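# Coordinates in review
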Amino acid sequence: MNEKSIDIASKDLWERAKAIFISTLVSEQEKSQAERYFGMISGVTSDGYSFRILTMNSLAADLLQKEYAEKLKSSFILAGADPSVELSFMYDEDSRPPIVTPHPVVSHQLSRMPISTFESTQPLDPNYTFEEFVRGPSNSYAYAAAEACAMSPGKLGYNPLFIHGGTGLGKTHLMQAIGNSIRTKNVSLAVCYLTAETFLNEYINSMKNSTITEFRNKYRSIDVLLIDDVQFLAKGKGVQEEFFNTFNALQQAHKQIVMTSDVAPKNLPLLEDRLISRFEGGMVQEIESPSYETRLAILRKKAEGMNLKIPDSALEFIADNIKSHVRAMEGALGKVSVVISAEPKLILTNEVLSQILKNLIEKEQTLKNLSIEEIQTAVAKKYNVTMAQILSSERTQSIVTPRQLAMFISRKLTTKSLKEIANAFDKKHATILHGVKSITQRLETEIELKNVLDEIVTSFGYKISDTMD
Ligand code: ADP
Ligand code: MG
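What you see is a predicted model, and the numbers here were worked out from it, not measured in a lab.

### What about the overall build of the protein chain?
In terms of regular secondary structure, the protein chain is built from 21 helices and eight strands. Across the 469 residues in the protein chain, those meeting the buried criterion constitute 47%. Expressed as a percentage of contacts within the protein chain between residues at least 6 apart in sequence, the contacts between residues at least 24 apart total 74%. Accessible surface, the protein chain: about 23600 Å² in total, of which carbon and sulfur atoms supply 51%.

Right, here's the structure in full:
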């Protein structure tokens, strides 16, 4: 076979394999991702047995290898390649590939758009997309803001975007959807996702290892900074200063910053005022607990994603009984899915479902029923103080500890809002948050306090890990 005929044959095979591969993709998201990845291929060569897929940069070779090697191989075989066909992906600087396959439009765009080789500090979950996010009254404003931000990163009015709300309500999902969407649309932008805790740790390490300059350069060269759970910044003055400077540098350069937190900026205790006012300077949106209809829609979407054949009545049962947060709803679906795959003929009556989801439902019940007063009483009893002292403003340590511990447990184990908790303690929001924070910090080092907490939450039927979210 001469070189030319190999080229034609391999080009044909590659085109067929690619078409087969794309036809197996179901969602628009998968298709556009594949298009983007294939756009990074500069050519294909073959020696008749193995195929070498050449890419425009080494990152693209890694990405393709990781994401598509397996699936592409099956497509090659379906397209007529020998079952022992081998595929390799490599970056070839001076390749003059015999077959150049990129779609003309894509290659045109790419020639103007260098692919960013920036690697996010923490990976984005490819499943956290806008398409997978169910929109409802509880999150529609946050969703719209996130979408606007993904459409035109850095746009005035949406920078920074600050999303806040309780645990498991979709903050991380929405934030990563912004990142995934921007990456799909604009391969040249450096998108970086990380939690504030990771930022803090990297900062501390860079101080220790005298690599602070590298650290700064890295975070100031980003186009889109997604920083999750910023309440962790409260942990240190130094890191706040560092973040403030990073923040300013990025904002001045019109780079997009997105943040999430469990509370609104103004309720972030121990955070410097100038940081809080910077956080409030763009767009602040809250995600609230989903209503029954939204819960049901989320369950339908998740069941579909898991390829789970489950009757609507069962989803309704879950939406009715698991309300605290979406993560718990996913847990419920997971349990049902395990049972269904073990016993496909099982009819999911409410009795059967109650049985399968017993633990989760019990937890919801206690979560719902546990009152702040019960918590205050139990803690007061344990510390041998009176209820009046718990509710007072006395600042003796022997009173402050039980008071703050009661605040901490109320925040973690009830579904009461911050406002309700503040009322029950006759204190301001910020005082409650400060109390919760203080206990959280002390629990890291004080074993005795941890034991007391363990004892009290166990008496309510919980595990200490339930308070660690
Ligand atoms: P948070 O960061 O607010 O604690 P996550 O973003 O981690 O919450 O969400 C928890 C889980 O619930 C994730 O698996 C996420 O996909 C899912 N989830 C939350 N809200 C929605 C929604 N509206 N639509 C689809 N999935 C959701
Ligand atoms: Mg989160």
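### With respect to the site of ligand 1
If you check the shell around ligand 1, you find 18 residues, and the closest are Val-134, Gly-168, Thr-172, His-173 and Glu-330. Val-134 has a polar backbone atom sitting 2.8 Å from a nitrogen atom of ligand 1. Within the backbone of Gly-170, a nitrogen or oxygen atom sits 3.1 Å from an oxygen atom of ligand 1. Contact with the protein chains hides 94% of the accessible area of ligand 1, taken as 560 Å² for the molecule alone. Put simply, the parts of the chain that give the shell around ligand 1 at least two residues each are helix H6 (171–185), helix H11 (292–305) and helix H13 (326–342). Residue composition of the shell around ligand 1, by class: six nonpolar, seven polar and five charged. A domain-level breakdown of the shell around ligand 1 finds at least three residues from each of domain 2 (100–287) and domain 3 (292–367).

### Some points on the sheet that holds strand E6 (residues 224–228)
Reading across the sheet, the five strands line up as E5-E6-E7-E4-E8 and stay open at both edges, with parallel pairing between neighbours. Whereas interior strands pair on both sides, the edge strands pair on one side only; in this sheet they are strand E5 (191–195) and strand E8 (283–287). Here the strands of the sheet are splayed against their neighbours by 15° on average, with no regard to which way each runs. Relative to strand E7 (residues 256–261), helix H9 (residues 237–252) is tilted by about 140°, and along the sheet it contacts E6 and E7.

### A look at the packing of aromatic side chains
A full pass over the atoms with the stated rule returns 11 aromatic pairs. Where Phe-199 meets Phe-215, the ring centres are 5.3 Å apart and the plane angle is 55°; that geometry is what we call tilted. With Phe-199 in helix H7 (residues 196–208) and Phe-215 in helix H8 (residues 212–220), this pair connects stretches of sequence that are 16 residues apart. Each member of the pair, Phe-199 as well as Phe-215, is classed as buried. Among the aromatic residues, those joined into a cluster by ring pairs are Phe-162, Phe-199, Tyr-203, Phe-215, Tyr-219, Phe-243, Phe-247 and Phe-279.

### What about the environment of Asn-321?
As for its position among the elements, Asn-321 is in helix H12 (residues 312–321). Sequence separation of Asn-321 and Glu-364 is 43 residues, and the distance between their C-alpha atoms is 7.6 Å. Not counting chain neighbours up to four residues away, the residues in contact with Asn-321 comprise Ile-361 and Glu-364. At 2.8 Å, the side chain of Asn-321 and the backbone oxygen of Phe-317 are in polar contact.

### Concerning the side chain of Ser-181
With respect to the helices and strands, the residue Ser-181 is situated in helix H6. Ser-181 sits in the buried class, given a relative accessible area of 14%. If near-sequence neighbours (up to four positions away) are discounted, Ser-181 is found in contact with Phe-130 and Ala-150.

### Examining helix H16 (residues 372–383)
For H16, with 12 residues, the first-to-last C-alpha span of 17 Å sits near the 16 Å given by 1.5 Å per residue. Every buried residue of H16 is listed here: Ile-372, Ile-375, Gln-376, Val-379 and Ala-380. Seen along its axis, H16 keeps its buried residues to an arc of 125°; they face one direction. Turned more than 90 degrees off the buried face of H16, the exposed positions are Glu-373 and Lys-381. Tucked into the core, H16 has its buried residues touching helix H17 (387–391), helix H18 (397–413), helix H19 (418–425) and helix H21 (447–459). Once H16 finishes, Asn-384 follows within two positions and takes phi at roughly 60°, a positive value.

### Some words on the pairing of strand E2 (residues 50–55)
Pairing analysis gives five bridges linking strand E1 (residues 41–46) to E2, with the strands arranged antiparallel. Bridging across to E2, Gly-43 finds its partner in Leu-54. Examined bridge by bridge, E2 and strand E3 (residues 86–91) share six bridges and lie parallel to one another. In the sheet register, Thr-55 faces E3, and the bridge partner there is Tyr-91.

### Re unusual backbone geometry
Peptide bonds are, in most cases, trans, and in most cases residues other than glycine have a negative phi. With an omega dihedral of 0°, the bond running from Asn-159 to Pro-160 counts as a cis peptide bond. In this fold, Pro-160 is placed in the loop between helix H5 (140–151) and strand E4 (161–165). Its identity is not glycine, yet His-254 carries a phi of approximately 60°, on the positive side. Among the secondary structure elements, His-254 is positioned in the loop between H9 and E7. Residues other than glycine seldom take positive phi values, yet Asn-384 does so here, at roughly 60°. Along the chain, the position of Asn-384 falls in the loop between H16 and H17.

### Some thoughts on the pairing of E6
Of all five residues in E6, five are buried, a share of seventy percent or more. Here E6 shows a buried face lined by Val-224, Leu-226 and Asp-228 and a second buried face lined by Leu-225 and Ile-227. Here E5 runs beside E6; their pairing, made up of five bridges, is parallel. In the strand pairing of E6, Val-191 is matched with Val-224. When E6 meets E7, the two strands line up parallel, connected through four bridges. Within the sheet, the bridge partner assigned to Leu-226 lies in E7 and is Val-258. Crossover E6 to E7 through H9 is right-handed.

### Some remarks on H21
Side chains that are three or four residues apart share a direction in an α-helix, a result of its 3.6 residues per turn. Its 13 residues give H21 an end-to-end C-alpha distance of 18 Å, which sits within 8% of 18 Å, the value for a rise of 1.5 Å per residue. Where H21 is concerned, the buried positions are Leu-449, Val-452, Leu-453, Ile-456 and Val-457. Angular distribution of buried residues about the axis of H21 spans 125°; they occupy a single face of the element. Facing away from the buried side of H21 by over 90 degrees, the exposed positions are Ile-447, Glu-448 and Ser-459. In this structure, the buried residues of H21 make contact with H16, H18 and helix H20 (429–443). A positive backbone phi angle near 85° is found at Gly-461, which sits one or two residues after H21.

Thresholds, definitions, all that
Residues numbered from 1 in each chain as written. Chains lettered and ligands numbered in written order. Predicted model: local features only at pLDDT ≥ 70, side-chain atom pairs only at ≥ 80, totals over all residues. Heavy atoms only, no water. Helix = DSSP H or I, 4+ residues; strand = E, 2+ residues; numbered from the N terminus. Buried < 20%, exposed > 50% of the residue type's maximum accessible area, 1.4 Å probe, protein only. Contact = heavy atoms within 4.5 Å. Areas by Shrake-Rupley, 256 points an atom, 1.4 Å probe, with all protein chains shown as cover. Near = heavy atom within 4 Å. Polar contact = N/O pair within 3.5 Å; in protein donor to acceptor, adjacent residues only side chain to side chain. Nonpolar A, V, L, I, M, F, W, Y, C, P; charged D, E, K, R; others polar. Domains from an automatic or database assignment. Pairing = 2+ DSSP bridges. Axes fitted to C-alpha atoms, helices over the stretch in contact; angles between N-to-C directions. Phe/Tyr/Trp six-rings, centres within 6.5 Å; stacked < 30°, edge-to-face > 60°. Expected span 1.5 Å × (residues − 1). Arc of directions from axis to C-beta. Right-handed = clockwise from strand over helix to strand, strands pointing away.

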